[in-house]
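Coordinate inspection notes
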Amino acid sequence: MTSLADALATGPVVLDGGLSTELEARGHDVSSALWSARLLRDDPGAVVAAHAAFAAAGAQVATTASYQATVEGFAAAGLDREEALALVARSVALAREGAPGSWVAGSVGPYGAALADGSEYTGAYVGEVGVDRLRAFHRPRMAALAEAGADVLACETLPAAAEVEAVLAEATALRVPVWLSLTTVVGADGVARTRRGEPAADVFAMARGVPEVVAVGVNCTDPAGVGPALAAAASAGVPLVAYPNSGEGWDAAHRRWTGAGGIDPDDAAAWVGAGARLVGGCCRVRPADVAALAEALRG
């Protein structure tokens, strides 16, 4: 199988959608602090089935159920470090089983995901957690995913420059391919910014010249904000990635989604025109949505 980086040079690649959303829709409880990572231990077959559904819909990349799978998170659930890292590695095997013809992207969620309080959408913790601590937090999971054979690490939903600095440093140390995806907002001035308010173009530029980075872009943001984010991401000089959520809002206090949403497949063509080569969806994006995106990209 050709490398993902080589594939991006020939045309767009279809990502999957919201794995946790699909598991929840299939009747599984993902309301705990571990989110879908709980099923790595309690029902691995459910994870395989969800990956298979996205692959059948046309997804060419299977993103592992490790977004919220961390040593700290599993420790709170009573698992020791060795058990936690074994489950992180299992996420790669389950993705391969469910989507054997796909590239496997090891999901590396932000520090805020482990807090399970919605802070990945504010980056509020960055003021108290420095780059060194963020590196130490990300290191064991990134290493476990790489050692388990993930084709690329999806460093995603990153809300701040400090966390980008941390994952870039760890990717360089591991010499493993990564894509780098921020969660951004667009201000009244039309400028895309991180959730901490930093100009996104400046943060994306941090990846320029880093050989481990195969793509940069945006995820888990409103589809309307993808265009400005991709314009900012061009500063990195690599292929772009776009996988927004459905446009609904997440109420962290009540742990529920609010409002209406959906991704217009025609928007995907515009994102490709803007340089996106990895295109898919995030939260609330299901296999049927991915199938529509895949059809639009084939067209």
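Conventions used here
Residues numbered from 1 in each chain as written. Predicted model: local features only at pLDDT ≥ 70, side-chain atom pairs only at ≥ 80, totals over all residues. Heavy atoms only, no water. Pairing = 2+ DSSP bridges. Helix = DSSP H or I, 4+ residues; strand = E, 2+ residues; numbered from the N terminus. Contact = heavy atoms within 4.5 Å. Axes fitted to C-alpha atoms, helices over the stretch in contact; angles between N-to-C directions. Parallel < 35°, antiparallel > 145°, perpendicular 65-115°, else oblique. Left-handed = near helix turned anticlockwise from the far one by under 90°. Buried < 20%, exposed > 50% of the residue type's maximum accessible area, 1.4 Å probe, protein only. Phe/Tyr/Trp six-rings, centres within 6.5 Å; stacked < 30°, edge-to-face > 60°. Arc of directions from axis to C-beta. Polar contact = N/O pair within 3.5 Å; in protein donor to acceptor, adjacent residues only side chain to side chain.

**Examining the sheet that holds strand S4 (residues 152-158)**
- Strands sit in the order S1-S12-S9-S8-S5-S4-S3-S2 across an open sheet of 8 strands; the sheet is parallel. The open sheet has two edge strands with one neighbour each: strand S1 (13-14) and strand S2 (61-63).
- Contacts between helix H9 (residues 161-174) and the sheet are confined to S4, strand S5 (178-182) and strand S8 (213-219), with S5 contributing the most and set at about 175 degrees to the helix.

**Considerations on the packing of helix H4 (residues 44-56) against helix H6 (residues 81-98)**
- Where H4 contacts H6, the two axes come as close as 7 Å, and the packing angle between them is 45 degrees. Judged by the angle between their axes, H4 and H6 are oblique. Between H4 and H6 lies a crossing of right-handed hand. Mapping the contact onto sequence places Pro-44, Val-47, Val-48, His-51, Ala-52 and Ala-55 in H4 and Arg-90, Leu-94, Ala-95, Glu-97 and Gly-98 in H6.

**So, the environment of Thr-157**
- Inspection of the secondary structure assignment puts Thr-157 in strand S4.
- Looking at Thr-157, the relative accessible area reads 1%, which means it is buried.
- With 49 residues separating them in the primary sequence, Thr-157 and Val-108 have C-alpha atoms 8.8 Å apart.
- With residues near it in sequence (within four places) discarded, Thr-157 still touches Tyr-67, Pro-110, Glu-120, Tyr-121, Ser-181, Thr-183, Asn-219 and Cys-220.

**Some remarks on the packing of aromatic side chains**
- Enumeration according to the criterion identifies 4 aromatic pairs in this entry.
- On the numbers, 5.2 Å between centres and 40 degrees between planes, the contact of Tyr-111 with Tyr-125 is tilted. Here the residue Tyr-111 occupies a position in helix H7 (residues 111-115), and Tyr-125 occupies one in the loop between H7 and helix H8 (131-147), the gap between them amounting to 14 residues.
- Taking relative accessible area as the criterion, Tyr-111 reaches 11% and is therefore assigned buried.
- Ring geometry for Trp-179 versus Tyr-243: centroids 5.9 Å apart, planes at 80 degrees, classification edge-to-face. Placement of the pair is Trp-179 in strand S5 and Tyr-243 in strand S9 (residues 240-243), with a sequence separation of 64 residues.

**A word on helix H12 (residues 265-273)**
- Ala-268, Trp-271 and Val-272 are the residues of H12 that are buried. End-on view of H12: buried residues confined to an arc of 100 degrees, all on one side of the axis. Along H12, exposed side chains directed more than 90 degrees from the buried face belong to Asp-266 and Gly-273.
- The secondary structure elements touched by the buried residues of H12 are helix H11 (226-233), S9, strand S12 (276-279) and helix H13 (287-298).
- With a side-chain oxygen positioned 2.9 Å from the backbone nitrogen of Asp-266, the residue opening H12 is Asp-264.
- Gly-275 lies just past H12 and shows a positive phi near 115 degrees.

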